[in-house]
Amino acid sequence: MSTSDSSTASKKTLHTNDYLTKFNTDAYLSAYSFFEVNPSFDCLLKKMINIFVQNKHRIGHGQALEFGGGPALFSSFILAQYVNSITFTDYTPSNLKAIEDWIEQNDDAHDWTEMFEFISNDQLANLNNWEHRLRDALNYGKRLKCADVNGDHCPVLNGQDRYDVILSSLCLDYACLTLETYKNTLKRMKNLLKPGGCVILTHGRNQTFYTVLDKDFFALPVDEKKVHDALAEAGFTDIQVTGIDKPRNKYADADGYVVACAFKSNEE
Ligand SMILES: C[S@@+](CC[C@H](N)C(=O)[O-])C[C@H]1O[C@@H](n2cnc3c(N)ncnc32)[C@H](O)[C@@H]1O
């Protein structure tokens, strides 16, 4: 499918290939500066941090995969404080370029200071040390373009590397066009985890679209139950799923966020 008739009847939305030509990376990044665009985003960040704090003796410290990281570095910023290496993947080349720009400290790199300060202050940590760990972890890992999750040929999902933790923030609900693909992608992610490994997910809740600049992008509506059931069906254990309420707005019709964490059993 190239352009969008797969989504809701009311709104035409973009997806899959459209990301390659119609997703405005700079506009998406600038939205992270405004909590008006992302209400309750501070609560989402705190929930993500809490998952790491509460499971810190359980989450392995070796290799992580950030799947569909976009041009955004807040998830990897948290992740890098717990793991040595991060393989950062995204579907959209301009997003990966934005990550390179930050690593290389290029002049036009997005300035993450405000959000990184929010996260490090919450943990009473030193911002410079944490930024340093992020650059190191990204440099130890790889940067990979991932293929469309709706197809079988996705070198990242079919890859040979095994991870202690896989984090995917606000991605699978935008990438997977059906609940079946979402469930199947979770199964493929479980195969990529080492025994005892952990998957961490965030999604918009009950969302059908989000807007970047003047373009509407597809979202697969999920809620706490659908995410819990999909993780259980994929064979994960110790599944923790929570919701955060937020008002719908003109930028996205999500009525909240879903944050989930689950483990692959040690025996697999
Ligand atoms: C809303 S962005 C999320 C970026 C970032 N993780 C964040 O939290 O801001 C969704 C990401 O999903 C990726 N994506 C969209 N469609 C995809 C697909 N069909 N297969 C794989 N990734 C896809 C896009 O490249 C985009 O970066």
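Predicted, not measured: the structure shown is a model, and the values here were computed from it.

Pairing is mixed across the open sheet formed by seven strands, whose spatial order is 3-2-1-4-5-9-8. Of all the strands in the sheet, the pair left with one neighbour each is strand 3 (143-145) and strand 8 (237-245). The mean angle between the axes of side-by-side strands here comes to 15°, regardless of whether they run parallel or antiparallel. As judged from the seven bridges shared by strand 8 and strand 9 (residues 256-263), these two strands associate in the antiparallel manner. The residue bridging D245 from the neighbouring strand is G256, located in strand 9.

Turning our attention to the site of the ligand. Near the ligand there are 23 residues, and of these Y28, Y32, T92, D148 and S169 occur at the shortest range. Between the ligand and the protein, one listed contact pairs a nitrogen atom with a backbone N or O atom of G69 at 3.3 Å. Between V149 and the ligand, the recorded distance is 3.1 Å, taken from a backbone N or O atom to a nitrogen atom. Look at the ligand: alone it shows 590 Å² of surface, and the protein chains cover 100% of it.

Before going further, it helps to examine unusual backbone geometry. Of note in the backbone geometry, Q105 takes a positive phi value of approximately 55° without being a glycine. We note that D238 has phi near 45°; this positive angle belongs to a residue other than glycine.

Evaluated as defined, the whole model comprises 14 aromatic pairs. Summarising the aromatic geometry, the rings of Y174 and Y210 are spaced 4.4 Å apart at their centres and angled 35° between planes, so their arrangement reads as tilted. Of the two residues, Y174 sits in helix 8 (residues 172-175) while Y210 sits in strand 6 (residues 209-212), which places them 36 residues apart along the sequence. A cation over an aromatic ring shows up here: R135 above the ring of W102, its NZ or CZ 3.8 Å from the ring centre. Directly above the aromatic system of Y257 lies the positively charged group of K246, at a separation of 5.7 Å from the ring centroid.

On to the pattern of salt bridges. Side-chain pairs of opposite charge can arise whenever the charged atoms involved come near each other. Applying the stated rule across the entire model yields 15 salt bridges. Measuring nitrogen to oxygen at the nearest pair gives 2.7 Å for the salt bridge that ties D245 to R205. Taken together, the positions of D245 in strand 8 and R205 in strand 5 (residues 193-205) put the pair 40 residues apart, joining distant regions of the chain. Between D255 and R248 there is a salt bridge, with its nearest N and O atoms 3.9 Å apart. Shared partners join several salt bridges into a network, and the residues in it are R205, E224, D245, R248 and D255.

Rules and cut-offs
- Chains are numbered independently. Their residues run from 1 in the order of the written sequence.
- With the structure being a predicted model, the display of local features is reserved for residues of pLDDT at least 70 and the display and counting of side-chain atom pairs for 80 or more, all residues being used for whole-chain, interface and lining totals.
- Derived side-chain values reflect all non-hydrogen atoms in the structure, with water molecules and hydrogen atoms excluded from consideration.
- Pairing between strands is defined by DSSP: at least two bridges between them are needed.
- A run of H or I in DSSP counts as a helix once it spans at least four residues, and a run of E counts as a strand once it spans at least two, with each numbered from the N terminus.
- To obtain each axis, a line is fitted to C-alpha atoms, and for helices this fit is confined to the stretch in contact; angles are then taken between N-to-C directions over 0 to 180 degrees.
- We call a residue near a given molecule or strand whenever any one of its heavy atoms falls within 4 Å of it.
- Think of a polar contact as two N or O atoms within 3.5 Å of one another; within protein, one of them needs to be a possible hydrogen donor and the other a possible acceptor, and neighboring residues in sequence only count if both atoms come from side chains.
- Only the protein chains shown count as covering a residue, and every accessible area follows the Shrake-Rupley method with a 1.4 Å probe.
- Centres within 6.5 Å are what make two rings of Phe, Tyr or Trp a pair, Trp counting through its six-membered ring; a difference in plane orientation under 30 degrees is then read as stacked, over 60 as edge-to-face, and the rest as tilted.
- Note on geometry: a ring has a charge over it if NZ (lysine) or CZ (arginine) is within 6 Å of the ring centre and within 35 degrees of the ring normal.
- Each salt bridge in this description consists of a side-chain nitrogen of Lys or Arg and a carboxyl oxygen of Asp or Glu lying within 4 Å of one another.

Everything listed here is a matter of coordinates, which is why it stays silent on function.
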